[in-house]
Amino acid sequence: MWRVGAALPQTSIMAVAFDGGVVLGADSRTTTGTYIANRVSDKITPMTESIFCCRSGSAADTQAISDYVRYVLDRRWTRLCAAVKPQSISCLACKNSSFDGGWGCLSCGGRGSLSLPFLRLTPLFLASLLHAYVFFLCRYYLDMHVIEMGTPPLVKTAARLFRELCYSNKSQLMAGIICAGWDSAKGGQVFCIPLGGALVQQPFAIGGSGSTYIYGYCDANYKEGMTKEECQTFVKNALALAMARDGSSGGVIRLVTVDKDGADREFFAGDKLPSFWEKS
Amino acid sequence: MSILEYNGGCVVAMAGKNCVAIASDKRLGVQLSTIAMDCNRVFRMTDSLYLGLTGLHSDVTTLHNLFNYKLNLYAMREGRVIKPTTFASLVSSTLYEKRFGPYFAEPVIAGLQPDGTPFLCAMDLLGAMAVADDFVVSGTCAESLFGTCETFYRKDMNPDELFETLGQSLMAALDRDCISGWGVDVQIITKEGVTTKSLKARMD
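Small disclaimer: the values here were computed from a predicted structure and weren't measured. (Residues numbered from 1 in each chain as written. Chains lettered and ligands numbered in written order. Predicted model: local features only at pLDDT ≥ 70, side-chain atom pairs only at ≥ 80, totals over all residues. Heavy atoms only, no water.)

Observations regarding the overall build of chain A
The cut-off we apply is this: Where helices and strands are cited, they refer to DSSP runs of H or I of at least four residues and of E of at least two residues respectively, numbered from the N terminus. Using a 1.4 Å probe on the protein chains alone, a residue whose accessible area is under 20% of its type maximum counts as buried, one over 50% counts as exposed, and one in between counts as partly exposed. Contacts are residue-level and defined by heavy atoms, with any inter-residue pair within 4.5 Å sufficient. Using a 1.4 Å probe, accessible areas were evaluated by the Shrake-Rupley method; residue-level cover was limited to the displayed protein chains.
Secondary structure summary: chain A contains six helices and 14 strands in total. Across the 280 residues that make up chain A, the buried fraction comes to 50%. Here the contacts in chain A between residues at least 6 apart in sequence split such that 62% fall between residues at least 24 apart. Carbon and sulfur atoms provide 57% of the accessible area of chain A, an area that totals close to 13700 Å².

Quick look at the structure:
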């Protein structure tokens with residue numbers, strides 16, 4: 001299942017949520033073998049104005065995935081002001097009328113009939129077969145529920161789109177993604193989608209090969225209820241430490257702060273990196 | 001990753017007018033993880049002869065000890081210090097003795113001949129010698145070093161210019177290699193003596 005001989009996710013990426021937004025950070029080194037192909041690359045990609053993703057793993061895979069997710073999110077968002085009001089389908093599991101034809105229920109995450117693993121000829125199964133048929137119809141003929149809400153896509157939606165692609169194609173892809181952003185429903189959120197395609201929401205997430213060096217530092221220094229400035233310092237220090245020890249991370253630190261007013265990009269060059277113990 | 005890239009590191013030596021300089025980085029790693037930033041891979045053989053070794057660090061240390069031992073015996077037998085050309089032949093045959101189970105180290109030799117002219121030579125892990133009159137390189141970013149040295153080198157530099165040129169060539173190449181870096185040490189060898197200078201480089 002795992003690729004043989006391919007390089008490990010070569011980077012250090014991180015995202016932290018605070019009350020009112022998120023801070024995303026990444027290094028800027030892209031390597032082919034041990035040669036640094038790009039020492040100023042940008043690994044923080046915008047999905048929408050307030051949703052960003054940090055990419056680690058194979059650059060080609062993650063670029064293709066994020067392009068596709070951005071396309072889907074754009075399409076969902078711009079297919080608005082539709083003349084036809086979309087029908088709301090109620091989810092079987094949670095009974096909310098938030099079943100999005102393409103992606104499952106937005107509230108509870110249920111996928112209707114597709115979550116049944118076994119073939120059993122019960123009335124419930126037959127009913128859900130029918131539901132599956134409707135499910136596929138919805139995918140093509142239903143306008144997106146999110147559009148009805150009149151707001152930009154939720155961070156959770158973007159994260160679930162990433163998860164779908166990464167999980168369904170897990171044998172061909174090598175992509176570790178951190179999807180983070182701000183939406184009006186739940187504020188700042190961070191979702192981690194590691195290699196196998198799991199989806200985990202966390203207060204902060206670290207990823208890439210450099211992250212192994214900073215698990216202890218992050219666990220020791222993360223506090224709940226940090227302000228935006230404290231989060232930025234936390235991300236900058238953690239990434240500087242990871243870049244110091246990991247050969248496949250380095251270059252400059254790119255920081256993106258997302259809140260309700262949009263995104264703010266910052267850049268810290270080599271000589272501005274915080275420095276820690278260094279034997280002179 | 002090849003065994004020669006396991007620990008990382010690089011060495012470069014350049015010749016000036018009646019002087020040579022040899023420089024190396026300071027990183028010691030285990031594949032992509034850095035474990036030390038003060039590793040020495042350039043060793044003094046005699047007052048006017050320096051040996052830089054890149055590759056697997058345990059072989060670097062072993063060869064350093066081996067050549068110290070051989071030079072001590074040489075000094076006792078011959079009653080004089082060894083010439084750079086003779087030392088280069090000694091290194092070459094020591095490496096070739098292990099032709100079918102080699103030391104994973106690639107040396108760079110920089111020294112001044114008894115008449116004061118610079119001597120530079122580099123070898124591969126089997127002892128194939130390449131003598132040059134401008135610069136020699138070895139290590140994980142050797143290709144980048146060839147490029148930067150070729151660009152910055154000019155003939156007949158004095159010791160200060162040589163230090164500047166060599167330092168900048170190495171630092172530019174280090175920026176493009178993940179497994180070398182963490183500082184640069186330069187030794188400038190002239191008839192009067194040896195000066196050691198350290199350069200602060202990117203710590204990533």
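The rest of the description comes next.
Focus: the interface of chain A and chain B
Convention followed: A simple way to read buried area is as the amount of 1.4 Å-probe accessible surface that goes missing from two parts once joined, with both sides added. Counted as salt bridges are all cases of a side-chain nitrogen of Lys or Arg within 4 Å of a carboxyl oxygen of Asp or Glu.
Of the residues lining the interface, 22 residues belong to chain A; the matching set on chain B comes to 19 residues. Both faces combined, the contact of chain A with chain B buries some 1800 Å², and carbon together with sulfur accounts for 45% of it. Joining chain A to chain B, the criterion identifies one salt bridge. Of the charged contacts in the structure, one is a salt bridge between Arg-39 of chain A and Asp-175 of chain B, with a shortest N-O distance of 3.5 Å. Elements with a minimum of two residues in the side of chain A that touches chain B: strand S4 (35-38) and helix H6 (228-245) of chain A.

A look at the nonpolar core
Considering soluble globular proteins, one finds that nonpolar side chains tend to be buried as a cluster. Residues and elements named next belong to chain B. This is how it is decided: Residues belong to one nonpolar core when they are buried, are Ala, Val, Leu, Ile, Met, Phe, Trp, Tyr or Cys, and are joined through side-chain atoms within 4.5 Å.
Ranked by internal contacts, the top residues of the largest apolar core, which has 23 residues, are Val-12, Met-14, Leu-145, Leu-170 and Val-186. Within the residue set of this core, elements represented by two or more residues are strand S1 (10-15), strand S2 (20-25), strand S10 (135-139), helix H3 (142-152), helix H4 (159-174) and strand S11 (184-189). Considering each element in turn, this core owes the most residues, six residues, to H4. Not counting residues up to four positions away in its chain, the partners in contact with Val-186 are Ala-21, Ile-22, Ala-23, Phe-163, Leu-166, Thr-195, Thr-196, Lys-197 and Leu-199.

As for the packing of aromatic side chains
Going by this rule: Aromatic rings from Phe, Tyr and Trp, taking only the six-membered ring of Trp, are treated as a pair when their centres fall within 6.5 Å; an angle between ring planes under 30 degrees marks them as stacked, one over 60 as edge-to-face, and anything in between as tilted. Both a distance and an angle decide whether a charge sits over a ring: NZ of Lys or CZ of Arg must be within 6 Å of the ring centre and within 35 degrees of the ring normal.
Applying the stated rule across the entire model yields seven aromatic pairs over all chains. Ring centres of Phe-204 of chain A and Phe-234 of chain A lie 5.9 Å apart, and the angle between their planes is 80°; on these two criteria the pair is classed as edge-to-face. On the criterion of sequence distance, the pair formed by Phe-204 of chain A in strand S12 (residues 204-207) and Phe-234 of chain A in helix H6 is long-range, its members being 30 residues apart. Phe-234 of chain A gets classed as buried once you look at its relative accessible area, which sits at 4%. Feature note: the residues Phe-204, Tyr-217, Tyr-222 and Phe-234 of chain A constitute an aromatic cluster, connected by ring pairs. Lying over the aromatic face of Phe-268 of chain A, Lys-236 of chain A brings its terminal NZ or CZ to 4.2 Å of the ring centre. Positioned over the ring face of Phe-163 of chain B is Lys-197 of chain B, at 4.5 Å from the centre of the ring.

Here we look at the pattern of salt bridges
Evaluated as defined, the whole model comprises 13 salt bridges over all chains. Where salt bridges share partners, they join Arg-39 of chain A together with Asp-175 and Arg-202 of chain B into one cluster.

Side note on the sheet that holds strand S2 (residues 21-26) of chain A
Residue and element names in this part refer to chain A. Note the threshold: Note on pairing: DSSP must find at least two bridges between two strands before they are called paired. Lines fitted to C-alpha atoms define the axes, with helix axes restricted to the stretch in contact, and inter-axis angles between N-to-C directions lie between 0 and 180 degrees.
With antiparallel pairing, five strands are arranged side by side in an open sheet as S12-S1-S2-S13-S14. The sheet terminates laterally at S12 and strand S14 (262-268), the two strands that pair on one side only. Strand-to-strand twist in this sheet, taken as the mean axis angle between neighbours without regard to direction, amounts to 10°. Packing of H6 onto the sheet brings it into contact with strand S1 (13-18), S2, strand S13 (253-259) and S14, and relative to S1 it is tilted by some 165°.

Thoughts on the confidence of the model for chain B
Convention followed: Residue-level confidence of the predictor is summarised by pLDDT, bounded by 0 at the bottom and 100 at the top.
Looking at chain B as a whole, the pLDDT averages 95, with 100% of positions reaching at least 70. Both confidence scores are given for the complex: pTM 0.73, ipTM 0.72.

Things to note about a nonpolar patch on the surface
Inclusion rule: Patches here are clusters of residues that have more than 30% relative accessible area and form no salt bridge, with a 9 Å joining cutoff for like charges and a 5 Å cutoff for nonpolar side chains (Val, Leu, Ile, Met, Phe, Trp, Tyr).
On the surface, a nonpolar cluster with roughly 310 Å² of combined accessible area is contributed by Ile-3, Tyr-6, Val-30 and Ile-35 of chain B. Secondary-structure assignment places Val-30 of chain B in strand S3 (residues 28-30).

Considering H3 of chain B
Rules: The reported arc concerns the directions from the helix axis to the C-beta atoms and nothing else.
Among the residues of H3 of chain B, those classed as buried are Ala-142, Ser-144, Leu-145, Thr-148 and Cys-149 of chain B. Burial along H3 of chain B is one-sided: seen end-on, the buried residues are contained in an arc of 150°. Of the residues in H3 of chain B, the exposed ones pointing more than 90 degrees away from the buried face are Glu-143, Glu-150 and Thr-151 of chain B. Tucked inside the fold, the buried residues of H3 of chain B contact S4 of chain A together with S1, S10 and H4 of chain B.

Regarding the pairing of strand S4 (residues 33-36) of chain B
Residue and element names in this part refer to chain B. Relative to S4, S3 runs antiparallel, the two being bridged by three bridges. Bridged to Leu-28 within S4 is Ala-36. The antiparallel pairing of S3 with S4 creates a hairpin that spans two residues between the two strands, and Gln-31 there sits at a positive phi of about 55°.

Focus: the sheet that holds strand S11 (residues 200-202) of chain A
Backbone hydrogen bonds are what pair the strands of a sheet, in a parallel or an antiparallel way. Residues and elements named next belong to chain A. Here we have five strands laid out as an open sheet, ordered S5-S6-S9-S10-S11, and antiparallel in their pairing. The outermost strands of the open sheet, each flanked by one partner alone, are strand S5 (44-48) and S11. Ignoring which end each strand starts from, the neighbouring axes of this sheet average 25° apart. Each of S5, strand S6 (51-57), strand S9 (175-183) and strand S10 (187-193) touches helix H4 (residues 155-168); the most contacted strand, S9, lies at about 165° to it.

Structural notes on helix H2 (residues 84-97) of chain B
Residue and element names in this part refer to chain B. The following threshold applies: Residue count minus one, scaled by 1.5 Å, sets the expected span of a helix.
Here H2 contains 14 residues, and its C-alpha end-to-end distance of 20 Å stays within 8% of the 20 Å for a straight helix at 1.5 Å per residue. Taken residue by residue, H2 has Pro-84, Phe-87, Ala-88, Val-91, Ser-92, Thr-94 and Leu-95 as its buried positions. Projection of H2 onto a plane perpendicular to its axis shows the buried side chains occupying an angular sector of 165°, all on one side. The outward face of H2, more than 90 degrees from its buried face, is lined by the exposed residues Tyr-96 and Glu-97. Looking at the buried positions of H2, the neighbouring elements they touch are strand S5 (42-46), strand S6 (49-55), helix H1 (57-78), strand S7 (105-112), strand S8 (118-123) and strand S9 (129-132).

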